[in-house]
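# Chains, contacts and geometry: an overview
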Amino acid sequence: MSIALQPSLFDAVADEVHVSALAGVVQRTELSSGAWVDVRPGWVSGADELFARLAADVPWRAERRQMYERVVDVPRLVCWYGEGVPMPHPSLDAARTALNGHYGAELGEQFRTAGLCFYRDGRDSVAWHGDTIGRGQREDTMVAIVSVGEPRTLLLRPRGGGGQALRYPLGHGDLLVMGGSCQRTWEHAVPKTARPVGPRISIQFRPRGVA
Ligand SMILES: O=C(O)CCC(=O)C(=O)O
């Protein structure tokens, strides 16, 4: 797959992909109902290289789903790496190891799976939802999202809406972690945009039984 990407200035000089330390630099925002969100901008350096590798090497799948009487295209490409399945790039193992080192004690378990989503342009999106398939419906958990490629806005709002959504533009190696009750008391979305935006890949690390 060949997709044009505007490189960030930082990545113009980064020739390898690596993750930096998290302790003391992740910024936590407490939300309502025991939910929280952590943000670490630019966590992955060499993120444009990682984007290019993932865009080319991951066996992306287009999905279709039933929507009322029609079957429609899911507006993004996906690929799922379950427990024990080799990651498509060694830096994703490094990222997961670093996340487990930083969050393992608080989470009480390990991040194990990786879901990858490819937003090709502003028409690709994901609607409001919480990751409530599985344990996220009943239990506090964490979902860690690494974003590479061009920034897209991830919105967060209390479940059911109301009030101003929080906006997080995520791309070029940014990390965002949703924790506590976030998956069942808040919802997130990546809306479509009419702005000319380049492609973004989202890598979501989750513990076992959360999807
Ligand atoms: O694109 C993102 O970072 C969000 C992905 C997401 O919410 C999901 O796949 O459940």
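Residues numbered from 1 in each chain as written. Predicted model: local features only at pLDDT ≥ 70, side-chain atom pairs only at ≥ 80, totals over all residues. Heavy atoms only, no water.

### Side note on the pairing of strand β9 (residues 143–149)
Where burial is concerned, most of β9 is hidden: seven out of the seven residues are buried. Bridge count for β9 against strand β12 (residues 174–180) is five bridges, and the pairing is antiparallel. Paired with A144 across the two strands is V177, which belongs to β12. Sheet topology note: the β9/strand β14 (residues 200–207) ladder contains six bridges and is antiparallel. Counted as the bridge partner of G149 is R200 from β14. (Buried < 20%, exposed > 50% of the residue type's maximum accessible area, 1.4 Å probe, protein only. Helix = DSSP H or I, 4+ residues; strand = E, 2+ residues; numbered from the N terminus. Pairing = 2+ DSSP bridges.)

### A word on the environment of W36
Structurally, W36 is set in strand β3 (residues 35–40). Taking relative accessible area as the criterion, W36 reaches 6% and is therefore assigned buried. For the pair formed by W36 and A189, sequence separation is 153 residues and the distance between their alpha carbons is 16 Å. If near-sequence neighbours (up to four positions away) are discounted, W36 is found in contact with R28, T29, E30, L31, Y103, E106, M142, V177, M178, G179, G180 and C182. (Contact = heavy atoms within 4.5 Å.)

### With respect to the sheet that holds strand β7 (residues 111–119)
The sheet built from eight strands is open, its strands ordered β2-β3-β12-β9-β14-β7-β6-β5 with antiparallel pairing. What marks the edges here is a single partner per strand, and that holds for β2 (27–30) and β5 (61–67). Taking the axes of each pair of neighbouring strands and ignoring which way they run, one obtains an average angle of 25 degrees across the sheet. Across the sheet, helix α3 (residues 90–107) is in contact with β2, β3, β7, β9, β12 and β14; its angle to β7 comes to roughly 125 degrees. (Axes fitted to C-alpha atoms, helices over the stretch in contact; angles between N-to-C directions.)

### Points about the side chain of S147
With respect to the element layout, S147 can be found in strand β9. Looking at S147, its side chain comes within polar contact range of the side chain of R200, at 2.9 Å. If we ignore the near neighbours within four places in the chain, the residues touching S147 are L170, G171, H172, G173, D174, R200 and I201. (Polar contact = N/O pair within 3.5 Å; in protein donor to acceptor, adjacent residues only side chain to side chain.)

### A few points about the nonpolar core
By size, the foremost hydrophobic cluster in this structure holds 35 residues, and its most contacted members are L54, L99, Y103, L116, I201, I203 and F205. Of all elements in the fold, only α2 (47–57), β6 (70–81), α3, β7, β9, β12 and β14 reach the threshold of two or more residues within this core. If we skip the residues at most four places from it in the chain, I203 touches L54, L92, A114, G115, L116, A144, I145, V146 and V148. Counting 20 residues, the second-largest nonpolar core is a separate cluster that includes L31, V78, I145 and L176. (Core = buried A, V, L, I, M, F, W, Y, C linked by side-chain atoms within 4.5 Å.)

### Quick notes on the sheet that holds strand β10 (residues 152–158)
Within a sheet, each strand pairs with its neighbour through backbone hydrogen bonds, oriented either parallel or antiparallel. On the basis of which strands lie adjacent, the open sheet formed by four strands has the order β8-β13-β10-β11 and antiparallel pairing. For this open sheet the edge positions go to β8 (126–129) and β11 (166–170), each flanked by a neighbour on one side alone. The mean angle between the axes of side-by-side strands here comes to 15 degrees, regardless of whether they run parallel or antiparallel.

### Points about the site of the ligand
Inspection of the region around the ligand gives 13 residues, with Y119, H129, H188, R200 and S202 positioned closest. Within the side chain of R76, one N or O atom sits 3.1 Å away from an oxygen atom of the ligand. Considered on its own, the ligand offers 290 Å² of accessible surface; in the complex 95% of this is hidden by protein. Per-element accounting of the shell around the ligand gives the leading share, four residues, to β14. Taken together, the residues of the shell around the ligand break down into five nonpolar, four polar and four charged. (Near = heavy atom within 4 Å. Areas by Shrake-Rupley, 256 points an atom, 1.4 Å probe, with all protein chains shown as cover. Nonpolar A, V, L, I, M, F, W, Y, C, P; charged D, E, K, R; others polar.)

### Digging into the side chain of Q183
Here Q183 is to be found in helix α4 (residues 182–185). What Q183 contacts, discounting residues up to four positions off in sequence, is G130, D131, T132, G136, T141, V143, R159, M178 and H188.

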